[in-house]
Every structure is written in C-alpha cells, then in structure tokens.
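The lines below spell out each chain.
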Amino acid sequence: DARRRRAMDLLARATRARQRVLAVFNARQSDFESLRAWNDHLERVEELIFNLTEGVDASATESAIAEHKRRNASEIARYAARARDEGRAAMGETAEAMDAGEGYAPETANGDVVAQPVPTSAVRRGLEKTSLDYDENTDEGRKARAAAIARACGFDGRAVAKARCLREAFATIWA
C-alpha cells in the first residue's frame, strides 16, 4: 500500500508538473524553423518536467519557467488562443457560441441548427406495467423481462438446453 501510494503521488506530481510546464511551453513543431530547434525545445520541456517532479534544482527550474513566461508572454497567449480556436473548430463550435455559453448544437447539412428536445418529466421505470405486458416488481415480471431481453438478443434457451442434452447423451455413449 505504501509503495502504491508513493507511485500515485509521483504520478500526480508528474501530471501537475507536465500541465504547468506545457501551459507555458506551448509551441508546436510548426512554430520552429528546424527539427533540431524543435527537438531542443522538447528536451528542455522534459528536463523541466523531470526537475519539478523529482524536486531537482527546484528554485532554478521555477526561475527558468518564470523567465520564459516573462520573455515570451505574447507568444504564449497567441499559441493558447490558437489551441482554443482549433479545439472549438474541432467540436464544430464557433468562438461566439462558446463565449456566449451556448455550447454544442448539432447542425443539419444545410447549416440549420437542430433544436434539442427538453425532458418534461422524469421517466418512471418499474412502477407500472410495461408495453410488453409484465410487471417488473414481481418475480414473474422479472423473469418475463429477462426472457424478452434474451429473445431480443437472439438467445433461445430451449435450443441451448436441447443441444446440451444431446451433447451429454452422446458423451455417455462414447465415453
């Protein structure tokens, strides 16, 4: 238990560190002029995450993150805005709808927004007889419901029982 707890604590620290560093070092490969520059950036990011997770050179790591944030504030904001906009576009939402708090609304092929149904009351399940004409509050009703589900899934209990009986009968003959 202690080992598992330590592992979970380490994972939580690593996750928090990764989120914190990636919020500041949020550039993409396309933002770099060369693959070498991109790889150097990734190396630096992973080094900072490791240092924060393991507590190595904590003050130097914190100051490096703060310095990068101070020096590149406009780029960080621009990259974050780009990521937000791409996320909205991927979900099919416009920036105006997201800012207004409208959320997701499916659209038809011609662009019309489809109205979503609003529930008028809670569904009462098991209190009345169902359309299959059994009462789920009794043992007989529960058995009928189970049989209806089995039929709907293509399960035939009689065929299974018959096949089992035949298998057992022939097994005793040739055993």
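Computed from a predicted structure; not experimentally measured. (Residues numbered from 1 in each chain as written. Predicted model: local features only at pLDDT ≥ 70, side-chain atom pairs only at ≥ 80, totals over all residues. Heavy atoms only, no water.)

**As for the packing of aromatic side chains**
This is how it is decided: In this scheme Phe, Tyr and Trp rings, the latter by its six-membered ring, pair at centre separations within 6.5 Å, and the angle between planes marks the pair as stacked below 30 degrees, edge-to-face above 60, and tilted otherwise. Only protein chains enter the accessibility calculation, which uses a 1.4 Å probe; a residue is then buried when its area is under 20% of its type maximum, exposed when over 50%, and partly exposed in between.
What the rule picks out here adds up to one aromatic pair. Taking 5.5 Å as the distance between ring centres and 55° as the angle between the ring planes, the aromatic pair formed by Phe 32 and Trp 38 counts as tilted. A relative accessible area of 24% means that Phe 32 is categorised as partly exposed.

**Remarks on the nonpolar core**
General note: in soluble globular proteins, nonpolar side chains tend to be found buried as a group. To keep things clear, this is the line we draw: By nonpolar core we mean a set of buried residues, namely Ala, Val, Leu, Ile, Met, Phe, Trp, Tyr and Cys, connected to one another through side-chain atoms within 4.5 Å. A run of H or I in DSSP becomes a helix once it reaches four residues, and a run of E becomes a strand once it reaches two; helices and strands are each numbered from the N terminus.
One finds Ala 17, Val 21, Val 24, Phe 25, Val 45, Leu 48, Ile 49, Leu 52, Ala 64, Ile 65 and Ile 76 forming the largest nonpolar core, which totals eleven residues. Broken down by secondary-structure element, the contributors of at least two residues to this core are helix 1 (2–24), helix 2 (35–54) and helix 3 (58–71). For this core, the element with the highest residue contribution is helix 2, accounting for four residues.

**Things to note about the pattern of salt bridges**
Test applied: One side-chain nitrogen of Lys or Arg within 4 Å of one carboxyl oxygen of Asp or Glu is enough to make a salt bridge.
Inspection of the entire model under this criterion finds nine salt bridges. Notably, a salt bridge pairs Arg 71 with Glu 67, separated by 3.1 Å at the nearest N-O pair. Separated by four residues within a single helix, Arg 71 and Glu 67 lie in helix 3, roughly one turn from each other. Owing to a relative accessible area of 59%, Arg 71 belongs among the exposed residues under this scheme. For Glu 67, a relative accessible area of 27% corresponds to the partly exposed category. Linking Glu 168 and Arg 164 is a salt bridge whose minimum nitrogen-to-oxygen distance equals 3.0 Å. Of this pair, Glu 168 and Arg 164 are both found in helix 7 (residues 157–173), four residues apart, which corresponds to roughly one turn of the helix. The class for Glu 168 is partly exposed, based on a relative accessible area of 42%. Salt bridges linked by common partners bring Glu 67, Arg 70 and Arg 71 together as one network.

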